[in-house]
Amino acid sequence: MAKKKSILDLMKMKKEGEQVAWVTAYDFPTAMFVEQAGMDMILVGDSLGMVTLGYKGTIPVTMEDCISHCQAVRRGAPNTWIIGDMPFGSYQSSDEQAVDNAVRFMKEADVDCIKLEGGVRVKTRIKAISDAGIPVIGHIGLTPQSSGQLGGFKAQGRDVKNARGVIEDALAVQESGAFAILVEAVPPELTAFITQKLDIPVYSIGAGACDGQLLISSDMLGKFQAFTPKFVKVYANVAEVEINAFKEYVKDVKEGVFPSDDYVYHITDPIEEFEKLFKEYA
Ligand SMILES: Nc1nc(=O)c2c([nH]1)NC[C@@H]1CN(c3ccc(C(=O)N[C@@H](CCC(=O)O)C(=O)O)cc3)CN21
Ligand SMILES: CC(C)C(=O)C(=O)O
Ligand SMILES: [Mg+2]
């Protein structure tokens, strides 16, 4: 089994040009499979609200939801770098609130670092959490928790005015002490510029080439049916596999094909003894 990565390994990978591959996971079995596949990191995204709980967005997700999913993922992937995703409302009020909740992720869920959304406007939050000794990943570009302000889940930085804002956010994240940054849904030209401008690793979800790539596991496995962002490469159709299996089971049950003799427990006393017992109670 591969040794769990440290922050130094991630820095070294950037320096040596080795790409970092990561996905989201939300539950114990997926975490096990991801670790067995040799993934570099796992994000327990607040996207769990959409892909495992069925919410329309990430706003309703609570600290308790995140902690409980992080715990399940840690049990499944004890040797993988795990990122806890701070949910909406867990760092918006104050630096103190942000530190308290980041500490909860570390103490209660044994994550390796936390991620939070925003650039310029969360500078003091990133600094406060970093100063508490907790590694922080920034998250800029399309920030789903503020999709209301962005007018929906819309790609960012496509015009020069908006791209300036993304660059300012990237600089703010690095200055504040984050050890890495995730850029979501911006054009590859902008990501490339940010990657050569910053010293810290730059990772992408839907933002083209840089130091590593993230995808939502449910999207790449074909398990999320509400929508599929343009940037998702679909590697499997797990929904189809599951639906077909459930259909077959329904058919077997209705037709009395299941359970056949292979799927029952056999008696250990002679049948005559059982018949006597049944007669006694008949
Ligand atoms: N399952 C899942 N996968 C994701 O990648 C994901 C989530 N959920 N939830 C939170 C955010 C939202 N994501 C998205 C969603 C849509 C686009 C997208 O391609 N938007 C279109 C516009 C759609 C519209 O017209 O509103 C675009 O061109 O920007 C990008 C990222 C990424 N994140
Ligand atoms: C969309 C990604 C980057 C995320 O933050 C999540 O999965 O919650
Ligand atoms: Mg998130």
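Residues numbered from 1 in each chain as written. Chains lettered and ligands numbered in written order. Predicted model: local features only at pLDDT ≥ 70, side-chain atom pairs only at ≥ 80, totals over all residues. Heavy atoms only, no water.

## Points about the coordination of the magnesium ion (ligand 3)
Tetrahedral metal sites with four donors have an ideal angle of 109.5 degrees; octahedral sites with six donors have ideal angles of 90 or 180 degrees. Looking at the magnesium ion (ligand 3), the protein donor atoms are D46 (OD) and D85 (OD), and they sit 2.1 Å from it. Of this pair, D46 sits in the loop between β2 (41–44) and α3 (48–51) while D85 sits in strand β3 (residues 81–85), placing them 39 residues apart in sequence. We classify D85 as buried; its relative accessible area is 2%. (Donors = N, O, S within 2.8 Å, 3.2 Å for Na, K, Ca; no water. Helix = DSSP H or I, 4+ residues; strand = E, 2+ residues; numbered from the N terminus. Buried < 20%, exposed > 50% of the residue type's maximum accessible area, 1.4 Å probe, protein only.)

## A word on a nonpolar patch on the surface
On the surface, Y249, V250, V253, F258 and Y263 cluster together into a nonpolar patch covering about 490 Å² of accessible area. Its place among the elements puts V250 in helix α11 (residues 238–254). (Patch = residues over 30% accessible without salt bridge, like charges linked within 9 Å, V, L, I, M, F, W, Y side chains within 5 Å. Areas by Shrake-Rupley, 256 points an atom, 1.4 Å probe, with all protein chains shown as cover. Salt bridge = Lys/Arg side-chain N within 4 Å of Asp/Glu carboxyl O.)

## Brief notes about the site of ligand 2
Neighbouring ligand 2 are 13 residues, the closest being G45, D46, S47, D85 and K115. The side chain of D85 places a nitrogen or oxygen atom 2.9 Å from an oxygen atom of ligand 2. The fraction of the free accessible surface of ligand 2 (260 Å²) that becomes covered by protein chains is 96%. Its atoms largely coinciding with the cavity grid, ligand 2 occupies the largest pocket. Partitioned by chemical class, the residues of the shell around ligand 2 number five nonpolar, four polar and four charged. (Near = heavy atom within 4 Å. Polar contact = N/O pair within 3.5 Å; in protein donor to acceptor, adjacent residues only side chain to side chain. 1 Å grid on protein atoms, 1.4 Å probe; cavity = no way out; pocket = protein on both sides within 12 Å on 5 of 7 lines; lining within 4 Å. Sits in = over half its atoms within 2 Å of the grid points. Nonpolar A, V, L, I, M, F, W, Y, C, P; charged D, E, K, R; others polar.)

## Description of the domain arrangement of the protein chain
Once the domains are mapped, the protein chain shows domain 1 (7–236) and domain 2 (241–280). For domain 1 and domain 2, the distance between their C-alpha centres works out to 48 Å. (Domains from an automatic or database assignment.)

## Regarding the packing of helix α8 (residues 160–175) against helix α9 (residues 188–197)
Helix-helix packing is described using two parameters, namely the angle between the two axes and the distance between the axes. Axis separation between α8 and α9 bottoms out at 11 Å; the angle between their running directions is 30 degrees. When the interaxial angle is binned, α8 and α9 end up roughly parallel. For the pair α8 and α9, the crossing hand works out as right-handed. From α8, A163, V166, I167, A170 and L171 reach across to α9, where they touch L190, F193, I194 and K197. Among the residues making up the contact of α8 with α9, the classes are represented as eight nonpolar, no polar and one charged. (Axes fitted to C-alpha atoms, helices over the stretch in contact; angles between N-to-C directions. Parallel < 35°, antiparallel > 145°, perpendicular 65-115°, else oblique. Left-handed = near helix turned anticlockwise from the far one by under 90°. Contact = heavy atoms within 4.5 Å.)

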